[in-house]
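For reference, the chains in residue letters:
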Amino acid sequence: MAHVSDLIATDIDAYLEQHQHKSLLRFITCGSVDDGKSTLIGRLLYDSKMIFEDQLAALEADSKKVGTQGGEIDFALLVDGLAAEREQGITIDVAYRFFSTDRRKFIVADTPGHEQYTRNMVTGASTADLAVILIDARKGVLTQTRRHSFLVSLIGIKNVVLAVNKMDLVGYDPKVFEAIVADYRAFAAEIGITDFLAIPISGLRGDNITSASDQTPWYGGPTLMQHLETVEIDEARLQAGPFRMPVQWVNRPNLDFRGFAGQVASGVVKPGDAVKVLPSGRETRVARIVTKDGDLGEAVAGQSVTLTLADEVDCSRGDVIAVAGQPPEVADQFETTVVWMAEEPLLPGRPYWLKVGARTVSATVTEPKYKINVNTLEKLAAKQLELNEIGVCNISLDRPIAFDPYEANHDLGGFILIDRITNATVGAGMIRFALRRSQNIHWQALDVTKATRSAAKGQRPAVLWFTGLSGSGKSTIANLVEKKLQASGRHTYILDGDNVRHGLNRDLGFTDADRVENIRRVGEVAKLMADAGLIVLVSFISPFRSERRLARDLMPEGEFLEVFVDTPLAVAEARDVKGLYKKARAGELKNFTGIDSPYEAPENPEIRVDTTAMSPAEAAELIVRMMDERAPDYSI
Amino acid sequence: MLTHLQRLEAESIHIMREVVAECEKPVMLYSVGKDSAVMLHLAAKAFYPSKPPFPLLHVDTTWKFQAMYEMRERMARELGFDLIVYQNPEAKARGINPFDHGSLHTDMWKTEGLKQALDKYGFDAAFGGARRDEEKSRAKERVFSFRTAQHVWDPKNQRPELWKLYNARKQQGESLRVFPISNWTELDIWQYIHLENIPIVPLYYSAERPVVERDGTLIMVDDERMRLLPGETPMMRKVRFRTLGCYPLTGAVESEADTLPQIIQEMLLTTTSERQGRVIDHDQSASMEKKKREGYF
């Protein structure tokens, strides 16, 4: 199970004492299927004696059955996991392996080299202190080497090892090794990897893995294992930083105790230290550092603790407690780098949940400034981000958060994006910096308010959001509703899809990304009009649930009424007032809702009108009645 | 500089707190084994001075060692947990047992029992003590493992986990299995038990116990329900257990180790992997993955 040590047999207590004090290094290995990555990890496990006899027996049997080493031990079989992958002979996910030596415990993230799995590599790299980039000595620096190195640099790994593998297959030729290293150095400098250690190895033969190879007398550096055992880990750098702790959970066993539980993200904290709670900015001092084993005199980066504060300040989950003299910035708009991880593309303008530290907020992403081709590092124009694409985008939050740039602190600058409908983790990102304008433009508090404007009109504002297929009768019904409201003295306005596209939204097309932006703008305009005290009737196909939810979320509870104009596709197509369905069927109109673009019907609309069962006038009647019933305030 | 055990402890505590903060009704699965003992200890630390804000759930097969039942009651009491014991009523009614029913015993008592218990109490997150070093397919398991409303685990549809950011959001009926000690190895567990003086079931320590030898495995005669084959008579041997489960399915090893350092020493010098003692894993190397898809941990 562990490596061999004479102490185990002779003096177990001494052995345990020694091993209690080991540090922990997490690293990743990057390389393609053929670079011998699994073989290298298998070799590390094997050489550090992490393999039991029964596992070894199974390995020998498997090697004969499905091995690729002609009956010799195939170390790669030790680390391949899921059954389907094993048959294909490739790893397709992130797997974590464990081994230890006298000095350290290691956790290896085994990440795939396949083109489509940027996502997995970024995931594996996010917790790593060090990256081992594997190169096949026969092939040299390949496109995938560049890709892996770029991702390693992007995710901020400071320690890079270039393992030039399969040296046995090039006769341990130092010229081959040196040429590859020179080639790599030129490229690495471009992406900001200034420092790396190159080691000539053979995973299969064990050269320079745990012991120096006789075959490479020209190499004077450490073996891979020696380097892994001694390289400085990120923890040291984090402990030297300013104190920050995101609050995970407020601990209130009784009225006399109020503790703030979290894991220290950077720095050191002691009782009596002046701290700030962010984003509120309230200042106080640390009273105690509470643990079950007794109060601590200090806590350092990496520890999970519970702090109590000297004053009764507001502080809840998601807030950050930080050293008062050097607090993190607070902002609600950022430039970020986003890695997209879902089949569904990132749509600018669509709201996502963003989780950073212990805080989850609503976020919208702007159109990417550019995306990055991970193979060539070219910056390309982009409207959206597809699976495994990386882009630089601005992100806007619904409220300010405390943050550090990712470069300075991964815990306060790294975030994930979560789909609001499926709850899947769809992207990850890194905050580069806050946008200036979010610090300088504040919402103006005005004396004349929505309430005073509404009161002057004698009505409560509302947004009636008509959604349905093209030709379902939205505009017709909305017009009738407006006439009725006008007739009873109410102040209204109609925002119609077609009309808005002639002006405000004339720059938008019909791609998914443009549709989202279309709805976002209309939602914002409707909000401003409601703020002016109007009853706004919006007549838009608005096919996506998430965009309608975006519009809904802009409005206070009860002011947004979704009206589903329910007309089956066959009926709308038969009507085809504008002749659009005919064009779409003929292929002349792309992305037409209902034909080659989906319509997601509302699940719980406030009002549903079935146009196959009632006339437009009856529908209008119903809508006005239900509106008045739901909120009697609307009537004068 | 923190030691590896301090870092593992801090990570596990962080994970437990995330679940409590983001889930509505978490529960901790309790198997009474050494990994469970560490989980309880970590939970007590994570929420101190509050008592852990979730109950313990023991999905009982009725065939555990007597010493495990005693330990279960003692630990729940001492650490202030509410304890829920669930036994699948159908398995009980049909008298499902390890002698007559083979793998059906595990399926009904454990796999089905767990699903029933989670549904009955409406738990939306369940802590489990699985570790990634135990088995190859577990090496890829997420810390937050997402299950459909039917408790199905789809290895192709799990959420990426970056940094310390875990996504606990889910729809009504869906649930999470959360594994706070994913990154611990067996040696880490034992070292931590040693360092922190964590109580464990005495069966881990060597003692004279009545056993029979069956197909090369030593089975302890823990109560009168043990069915002896013709010619079998219990004999006293100095044995201990490396893993604990249903006593008729758990192999003992002959050993002199009766202190923790000796247990660790024996483990380090031994040459067979931990799960060998568990009869259920012997079928085939992909068996654990299949069991996971079906809802077993």
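Everything quoted here is computed from the prediction, not taken from an experiment.

### With respect to the overall build of chain A
Along chain A, the regular secondary structure elements total 21 helices and 28 strands. Per-residue burial for chain A yields a buried fraction of 56% across its 636 residues. As presented, chain A carries roughly 26,200 Å² of accessible surface, and 50% of it is formed by carbon and sulfur atoms.

### Some details on the interface of chain A and chain B
Residue-level contacts link 90 residues of chain A with 68 residues of chain B. Counting across the chain A and chain B interface gives eight salt bridges. The partner of A:Arg317 in a salt bridge is B:Glu18, with the nearest N and O atoms 3.0 Å apart. Scanning the region where chain A abuts chain B turns up 28 residue pairs in polar contact (both at pLDDT 80 or more). A per-element tally of the side of chain A that touches chain B places helix α2 (residues 12–20) of chain A first, with six residues.

### Brief notes about the packing of α2(A) against helix α6 (residues 186–196) of chain B
Pairs of packed helices are described in terms of their axes, by the angle between the two and the distance that separates them. Where α2(A) meets α6(B), the closest approach of the two axes is 11 Å, and the angle between their N-to-C directions is 100 degrees. With respect to α6(B), the axis of α2(A) lies roughly perpendicular. Contacts between α2(A) and α6(B) involve A:Tyr15, A:Leu16, A:His19 and A:Gln20 from the first element and B:Leu187, B:Gln191, B:His194 and B:Leu195 from the second. Tallied by class, residues from the contact of α2(A) with α6(B) come to four nonpolar, four polar and no charged.

### A short note on the environment of A:Pro279
Residue and element names in this part refer to chain A. Mapped onto the elements of the fold, Pro 279 is located in the loop between β11 (274–278) and β12 (282–290). Residues Pro 279 and Phe 403, spaced 124 residues apart in sequence, show a C-alpha to C-alpha distance of 9.2 Å. Ignoring any residue separated from it by four or fewer positions in sequence, one finds Pro 279 in contact with Asp 319, Val 330, Arg 359 and Pro 400.

### Topic: the nonpolar core
In terms of nonpolar packing, the biggest core is built from 79 residues, with B:Met28, B:Phe144, B:Trp184, B:Trp190, B:Val201 and B:Leu203 touching the most fellow members. In terms of residue count, helix α2 (residues 34–47) of chain B provides more of this core than any other element does, eight residues in total. With near-sequence residues (within four places) excluded, B:Val201 lies in contact with B:Val32, B:Ala67, B:Met68, B:Met71 and B:Leu244. Counting 54 residues, the second-largest nonpolar core is a separate cluster that includes A:Cys30, A:Tyr96, A:Phe187 and A:Val339.

### So, helix α7 (residues 260–269) of chain B
With seven of ten residues buried, α7(B) is to be regarded as a mostly interior element. For α7(B), the full list of buried residues reads B:Leu260, B:Pro261, B:Ile263, B:Ile264, B:Gln265, B:Met267 and B:Leu268.

### Some points on the environment of B:Lys25
Residues and elements named next belong to chain B. Within the secondary structure layout, Lys 25 lies in the loop between α1 (4–22) and β1 (26–29). A relative accessible area of 37% means that Lys 25 is categorised as partly exposed. Along the sequence, Lys 25 and Asp 223 sit 198 residues apart, while their C-alpha atoms lie 36 Å from each other. Not counting the four nearest positions on each side in its chain, Lys 25 is found in contact with Tyr 121, Gly 122, Phe 123, Asp 124 and Ala 125. Within the structure, the side chain of Lys 25 is placed 2.5 Å from the backbone oxygen of Tyr 121, a separation counted as a polar contact.

### With respect to the pattern of salt bridges
Between side chains of opposite charge, a pair can form as their charged atoms come close. Inspection of the entire model under this criterion finds 54 salt bridges over all chains. The salt bridge involving A:Asp293 is made with B:Lys45; its shortest N-O contact spans 2.9 Å. Residue A:Asp293 is located in the loop between β12 and β13 (299–300), and its partner B:Lys45 is located in helix α2; the two belong to separate chains. Note on A:Asp293: relative accessible area 58%, which makes it exposed. As a salt-bridge pair, B:Asp124 and B:Lys170 come within 3.1 Å of each other at their nearest N and O atoms. Of this pair, B:Asp124 sits in the loop between α5 (103–121) and β4 (125–127) while B:Lys170 sits in the loop between β5 (144–147) and β6 (175–178), and the two are 46 residues apart along the sequence. Accessibility assignment for this pair places B:Asp124 and B:Lys170 in one class, buried. Through salt bridges that share partners, A:Asp136, A:Arg138, A:Lys139 and A:Lys166 make up one connected network.

### A few points about the packing of aromatic side chains
Residues and elements named next belong to chain A. Scanning the model with the defined rule gives 26 aromatic pairs over all chains in all. Taking the centre distance of 5.6 Å and the plane angle of 70 degrees together, the rings of Trp 340 and Tyr 352 count as edge-to-face. With a gap of twelve residues between them, Trp 340 in strand β16 (residues 329–340) and Tyr 352 in strand β17 (residues 351–356) connect regions that are remote in the sequence. Using a relative accessible area of 1% as the deciding quantity, one classes Trp 340 as buried. Tyr 352 sits in the buried class, given a relative accessible area of 2%.

### Quick look at the environment of B:Gln6
All names here are of chain B. Relative to the assigned elements, Gln 6 resides in helix α1. The class of Gln 6 is partly exposed, set by a relative accessible area of 36%. Sequence separation of Gln 6 and Lys 164 is 158 residues, and the distance between their C-alpha atoms is 16 Å. Polar side-chain contacts of Gln 6 include one of 2.8 Å to the backbone nitrogen of Thr 3.

Calculation rules
- Residues numbered from 1 in each chain as written.
- Chains lettered and ligands numbered in written order.
- Predicted model: local features only at pLDDT ≥ 70, side-chain atom pairs only at ≥ 80, totals over all residues.
- Heavy atoms only, no water.
- Helix = DSSP H or I, 4+ residues; strand = E, 2+ residues; numbered from the N terminus.
- Buried < 20%, exposed > 50% of the residue type's maximum accessible area, 1.4 Å probe, protein only.
- Areas by Shrake-Rupley, 256 points an atom, 1.4 Å probe, with all protein chains shown as cover.
- Contact = heavy atoms within 4.5 Å.
- Salt bridge = Lys/Arg side-chain N within 4 Å of Asp/Glu carboxyl O.
- Polar contact = N/O pair within 3.5 Å; in protein donor to acceptor, adjacent residues only side chain to side chain.
- Axes fitted to C-alpha atoms, helices over the stretch in contact; angles between N-to-C directions.
- Parallel < 35°, antiparallel > 145°, perpendicular 65-115°, else oblique.
- Nonpolar A, V, L, I, M, F, W, Y, C, P; charged D, E, K, R; others polar.
- Core = buried A, V, L, I, M, F, W, Y, C linked by side-chain atoms within 4.5 Å.
- Phe/Tyr/Trp six-rings, centres within 6.5 Å; stacked < 30°, edge-to-face > 60°.

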